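Structural description and commentary
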Amino acid sequence: MNVRTVVTPAVNDNEVPPSPPSSPSRRQADVAGAADSVRVLKPRRAAPADAVRPTRAEVNLAALRHNLKVVTRHAKAAGASRVWPVLKADGYGHGAPAVARTLERAGAEGFCVALLEEAVELRDAGISAPILVMGGFNGDSRGAYDEIATRDVIPVVYDLSQVEGLARSARTMGRPILAHLKVDTGMARLGVRMPDLETFAARLAEHPEVRITGLMTHLACADAEEAQAEAGFTAEQVARFEEATTRLRRAGVIDDSTIRHAANSAALLRGDAIFDAVRPGIALFGVSPVLAGKSDLRAAMRVRSEIVDVRTVEVGESVGYGALFRATRTTRIATVPMGYADGLSRQLSNRGHVLVRGRRAPLVGAVSMDMSMIDVTDIPGTSLRDEVVVLGAQEGALGKDAITADEIAAHGGTIAWEVLTSISRRVPRFYREP
Ligand SMILES: *Cc1c(COP(=O)(O)O)cnc(C)c1O
């Protein structure tokens, strides 16, 4: 496959966006009758100096669009009319601005992020669709609340001091702030606790400048595949969410037009807890947390490098820090310029695999900060500059294979979410249209 579109890695993205940050929001653009097609910016070309080291992450924009289609099909089939991709943590490590631009062009009508800072980054990248800031923590400073208002982002509220801060900014701006209300139905993380709903509603009524247009909760066990107890947990959370809806309606906080949402990728793919909107994150990047949808989704990221050194190690000689690997045969050791500071977990020392020439090569010895070593004894013909695939698929002289984020997670004692978000900013992202 040829890389036709090579664009600036997100971390080095220092060009001025073609459209000024003050460009009209989608709502205003619609009113003005502006053409939708000019709304979204194309990814930009990379400067050659961006990638001296051959270690890079390739993000397949077509896979992102494909996955958006898949999750949208699941959402529509289950009765949710809105899909709001979750692009927190730099778009799960894929580069939030480029992912958002791609998905907005493909029809995504809104986005979710965790932090206000992430929402601001998307606005600066020219994204005009509604952005929901789910984390709810906006600091104590006046500036953050004003920024919510001026950047036209939707805060999630669950705490009265936030509501007061927002109301103050709304009064200054002379227009109401639209917000979503979060209810804690079982995560015990953020959200109004069930017993406090009426008290919260009463205090909210004192701040009419903050208008609740959405009601949300978050699921704790949506991806529990077999465990019946955990599957029952989702049903309990849904029941509490329904109860919260009834009570908040009675209290006059919400009405029939309020958009309700709870589902993450796992719930969406299983058809659980589908309300008016869904908030898929990891599924858009091609990882399914449940069996449903596993075969439909396409991994969006491929992390590759190249062999920078090959040497022969004799029986009894060791490899790497701590001499964690000792050769029991004459061994061909290749050095890969990617280490734990790039997001290749040290947990993979002596455990994980990479792909060379279409075949698996074990990581041997300790993964170090900038480099790691692999055993290529059983991969004949391996030489300098051969491609090494750490995550994703490879087709080579000896075969075809793929390493998934789930596999790396299993080796590293973690989950696919952490694998993707760990690829550090030192690894440049390249965006391609196959
Ligand atoms: C991260 C997150 C999501 C998306 O979760 P995935 O499992 O990646 O689909 C949805 N809602 C909230 C509140 C989140 O924090």
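The following paragraphs examine the structure supplied in this document. (Residues numbered from 1 in each chain as written. Predicted model: local features only at pLDDT ≥ 70, side-chain atom pairs only at ≥ 80, totals over all residues. Heavy atoms only, no water.)

1. Focus: the overall build of the chain
Let me state the cut-off plainly: Comment: elements are numbered from the N terminus, with helices defined as DSSP H or I runs of at least four residues and strands as E runs of at least two. For each residue, the accessible area found with a 1.4 Å probe, counting protein chains only, is set against the maximum for its type, and the residue is called buried under 20%, exposed over 50%, and partly exposed in between. Any two residues having at least one pair of non-hydrogen atoms within 4.5 Å are treated as being in contact.
Of regular secondary structure, the chain possesses twelve helices and 21 strands. Among the 434 residues that make up the chain, the fraction classed as buried is 51%. Within the chain, contacts between residues separated by at least 24 positions form 67% of all contacts whose residues are at least 6 apart in sequence.

2. Examining the packing of aromatic side chains
The geometry of an aromatic ring pair is captured by two quantities: the separation of the ring centres and the angle between the planes. In plain terms, the rule: Two aromatic rings from Phe, Tyr or Trp, using only the six-membered ring of Trp, form a pair when their centres are within 6.5 Å; if the ring planes differ by under 30 degrees the pair is stacked, by over 60 it is edge-to-face, and anything between is tilted. Criterion for a charge above a ring: Arg CZ or Lys NZ at most 6 Å from the ring centre, at most 35 degrees from the ring normal.
The tally for this structure, following the rule as stated, stands at two aromatic pairs. Ring geometry for tyrosine 92 and phenylalanine 285: centres 5.1 Å apart, planes at 25 degrees, overall stacked. Here tyrosine 92, found in helix 3 (residues 88-92), pairs with phenylalanine 285, found in the loop between strand 10 (277-278) and strand 11 (301-306); they are 193 residues apart in sequence, far enough to count as distant. Side by side, tyrosine 92 and phenylalanine 285 carry an identical accessibility label, which is buried. Between the aromatic rings of phenylalanine 241 and phenylalanine 275, the centroid separation amounts to 5.0 Å while the plane-to-plane angle is 75 degrees, which identifies the pairing as edge-to-face. Here phenylalanine 275 lies in the loop between helix 10 (265-270) and strand 10 and phenylalanine 241 lies in helix 9 (residues 228-250), a separation of 34 residues in the sequence. The ring of phenylalanine 430 has arginine 56 lying over it, and the distance from NZ or CZ to the ring centre is 4.9 Å.

3. Overview of the pairing of strand 8 (residues 210-216)
Let me state the cut-off plainly: Two strands are said to pair when DSSP picks up at least two bridges between them.
Summarising burial for strand 8: five of the seven residues are buried, a large majority. Pairing of strand 6 (residues 177-184) with strand 8 involves six bridges; the strand directions are parallel. Opposite leucine 178, over in strand 8, you have arginine 211 as the bridge partner. Where strand 8 and strand 9 (residues 259-261) come together, three bridges link them in parallel fashion.

4. Describing the site of the ligand
Put simply, the rule reads: Summary of the distance rule: residues count as near a molecule or strand when at least one heavy atom falls within 4 Å of that molecule or strand. Polar contact is defined as a pair of N or O atoms within 3.5 Å, subject to the rule that within protein one atom must be able to donate a hydrogen and the other to accept it, and that residues adjacent in sequence are counted only when both atoms are side-chain atoms. What sets the accessible areas is the Shrake-Rupley method with a 1.4 Å probe; for residues, cover comes only from the shown protein chains. Three categories are distinguished: nonpolar for Ala, Val, Leu, Ile, Met, Phe, Trp, Tyr, Cys and Pro, charged for Asp, Glu, Lys and Arg, and polar for the others, with Gly belonging to the last.
Among the 13 residues in the neighbourhood of the ligand, the closest are listed as Lys88, Tyr92, Ser265, Gly281 and Ile282. Within the side chain of lysine 88, an N or O atom sits 2.6 Å from an oxygen atom of the ligand. Relative to its unbound accessible surface of 390 Å², the ligand loses 93% to contact with the protein. Here the residues of the shell around the ligand are counted per class, giving six nonpolar, four polar and three charged.

5. Considering the nonpolar core
Operational definition: Nonpolar cores were defined as sets of buried Ala, Val, Leu, Ile, Met, Phe, Trp, Tyr and Cys residues, with membership established by side-chain atoms within 4.5 Å. For the domains described, the bounds stem from an automatic or database domain assignment.
In terms of nonpolar packing, the biggest core is built from 120 residues, with Leu181, Leu248 and Ile374 touching the most fellow members. When residues in this core are grouped by element, the largest group, seven residues, is from helix 2 (residues 61-78). Of the domains in this structure, domain 1 (61-287) and domain 2 (301-403) are the two that each give at least three residues to this core. Apart from the residues lying within four places of it in its own chain, the contact partners of leucine 248 are Leu181, Val183, Leu197, Ala201, Leu215, Val253 and Ile254.

6. With respect to helix 5 (residues 116-124)
Listed as buried for helix 5 are Leu116, Glu118, Ala119, Val120, Leu122 and Arg123. On its buried face, helix 5 sits against helix 3, helix 4 (96-105), strand 3 (111-113), strand 4 (131-133) and helix 6 (142-150). Directly beyond the C-terminal end of helix 5, a positive phi value near 95 degrees is found at glycine 126.

7. Some points on the packing of helix 6 against helix 7 (residues 160-173)
Which entries qualify depends on this criterion: Here, axes are lines fitted to C-alpha atoms. For helices the fit covers the stretch in contact, and angles between N-to-C directions go from 0 to 180 degrees. What sets the label is the angle itself: under 35 degrees gives roughly parallel, over 145 gives roughly antiparallel, 65 to 115 gives roughly perpendicular, and the rest give oblique. A crossing counts as left-handed when the near helix is turned anticlockwise from the far one by less than a right angle, and as right-handed when that turn is clockwise.
Their axes nearest at 9 Å, the elements helix 6 and helix 7 cross at an angle of 60 degrees. One way to sum up the angle between helix 6 and helix 7 is to call them oblique. The handedness of the crossing between helix 6 and helix 7 comes out as right-handed. Contacts between helix 6 and helix 7 pair Arg142, Tyr145, Asp146, Ile148, Ala149 and Thr150 from the former with Ser161, Gln162, Gly165, Leu166, Arg168, Ser169, Thr172 and Met173 from the latter.

8. A few points about the environment of phenylalanine 275
The exposure class of phenylalanine 275 is buried, given its relative accessible area of 10%. Put simply, phenylalanine 275 and alanine 262 are 13 residues apart on the chain and 7.0 Å apart in space, counted from C-alpha to C-alpha. In this structure phenylalanine 275 touches Gly79, Ala80, Val238, Phe241, Glu242, Arg260, His261 and Ala262, once residues within four positions along its chain are discounted.

9. Considering the pattern of salt bridges
Cut-off, in case you're wondering: Salt bridges are identified by distance alone: a Lys or Arg side-chain nitrogen within 4 Å of an Asp or Glu carboxyl oxygen.
Applying the stated criterion to the full structure yields 27 salt bridges. Across the salt bridge formed by aspartate 256 and arginine 249, the nearest N and O atoms sit 3.9 Å from each other. Exposure remark for arginine 249: the relative accessible area of 40% places this residue in the partly exposed category. Of the charged contacts in the structure, one is a salt bridge between aspartate 401 and arginine 360, with a shortest N-O distance of 2.9 Å. Here the residue aspartate 401 occupies a position in strand 20 (residues 399-403), and arginine 360 occupies one in strand 17 (residues 359-364), the gap between them amounting to 41 residues. Judged by its relative accessible area of 29%, arginine 360 falls in the partly exposed class.

10. A closer look at unusual backbone geometry
Backbone geometry places alanine 89, a non-glycine residue, at a positive phi of 50 degrees. Secondary-structure assignment places alanine 89 in helix 3. For alanine 89, a relative accessible area of 36% corresponds to the partly exposed category.

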